[in-house]
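# Inside the fold
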Amino acid sequence: MFADTKDILVNAQRGKYGAAAFNVYSLETVQAAIKVAEMENQPVIIALGERYFPTVDVEGFSAMVRAMAEKASIPVSLHLDHAYEKESIIRAIRCGFSSVMFDGSAYDLEQNMRLTKEIVDIAHMAGVSVEAEIGSLARGAFSDEEEGNGTLTDPTSAKEFVAETGVDFLAAAIGTVHGMYKGEPKIDLDLLERIRQVVDVPLVLHGGSGTPDEIVRQAIQSGICKINVNTEVSMAAVSHLQTYFETREMVHLSTVMADMQQSMEPVMTKFIKLFSGK
Ligand code: 13P
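The residue numbering used here restarts from 1 in each chain and proceeds along that chain's sequence as written. Totals for whole chains, interfaces and linings use every residue, but because this is a predicted model, local features are given only for residues with pLDDT of at least 70 and side-chain atom pairs only at 80 or more, for both listing and counting. Excluded from the side-chain calculations are hydrogens and water; all other atoms, namely the structure's heavy atoms, are used.

### Points about the pairing of strand E5 (residues 129-134)
Accessibility here uses a 1.4 Å probe with only protein chains present; expressed as a share of the type maximum, an area under 20% marks a residue as buried, one over 50% as exposed, and anything in between as partly exposed. To qualify as a helix, a DSSP run of H or I must reach at least 4 residues; to qualify as a strand, a run of E must reach at least 2; elements of each kind are numbered from the N terminus. E5 sits mainly inside the fold: six of its six residues count as buried. The alternating pattern of E5 places Ser129, Glu131 and Glu133 and Val130, Ala132 and Ile134 on opposite faces, both of which are buried. By this definition, two strands are paired if DSSP reports at least two bridges between them. Strand direction decides the pairing type here: strand E4 (residues 99-102) and E5, joined by four bridges, are parallel. Each bridged residue has a counterpart across the sheet, and for serine 99 the counterpart in E5 is serine 129. Crossovers are described as right-handed under a simple rule: with the strands pointing away from the observer, the path leading from the first strand over the helix to the second runs clockwise. With helix H5 (residues 109-125) bridging E4 and the parallel E5, this β-α-β connection has right-handed handedness. Where E5 and strand E6 (residues 169-172) come together, four bridges link them in parallel fashion.

### A closer look at unusual backbone geometry
Residues other than glycine seldom take positive phi values, yet asparagine 41 does so here, at roughly 55°. Locating asparagine 41 in the fold gives a position in the loop between helix H2 (27-40) and strand E2 (44-49). Phi at phenylalanine 142 takes a positive value of approximately 65°, unusual for a residue other than glycine. Residue position: phenylalanine 142 is located in the loop between E5 and helix H6 (155-165). In this structure phenylalanine 142 comes out as exposed when scored by relative accessible area, which is 61%.

### Some details on the pairing of strand E8 (residues 224-229)
For E8, a buried count of six out of six residues is recorded, marking the element as mostly surrounded by other parts of the structure. Note: strand E1 (residues 19-23) against E8, four bridges, orientation parallel. By the bridge assignment for E8, alanine 19 is matched with lysine 226. Pairing between strand E7 (residues 203-205) and E8: three bridges, direction parallel. For valine 204, the partnering residue across the bridge sits in E8 and is lysine 226. Taken together, E7, helix H8 (residues 213-221) and E8 constitute a β-α-β crossover, and its handedness is right-handed.

Right, here's the structure in full:
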């Protein structure tokens, strides 16, 4: 069924598990995410980043995801990931996204609060929930996200930010990166615990790819309810496609697409199992 991201996260918060938010860009990525979530009987968040707006028909995509969600046996929500422009957020709200992320992490705290509050007011009028971020993630290897400066979230600012903006969930920067880690991951779980003590809303962990399983498990115990995954799924599909083309003489696009979907499913399943505690 088509679901509200907030409901998925509130349930995850109560049940102390994590909901997977997979970044998607095509029919196959959406099909893979919904299929594995149904097989594992877990909710799933379909996340489309603003950065893919130039190549994706957003209204058509939303209608497609909503139709597929309605048929699904598990809750499926549609989330706008990392949006920097108010216009993109309004566009996503208009065409039926369940939640939006306004990323004002590049601004100072005051301005991030002011801009986020403006988005929260608009989104809440339409019944759409909002994620925001303070602190920011650095970019690791193989990611196509924006380069952040890797500033960790300050708990006092997080408390003020949530109280002032009325945001529904908060992305906390605790040392994960977008993409694969270039060295040893340095993830500050004590910091997450301190943020959790002063913030009630569900917390979001960006940069699921490459993050050690044990860290993910502990982060979920310390209040992370949604974990974003992009790079590892992309890497699995890209490496599969490379071998695919190298080892075949004749390829037809229809089979390439079907095979590409299959190559993403085991990675998505691995994450869903990990996040659900199975
Ligand atoms: P990864 O690419 O590291 O999985 O991170 C995805 C993400 O956080 C998208 O918002």
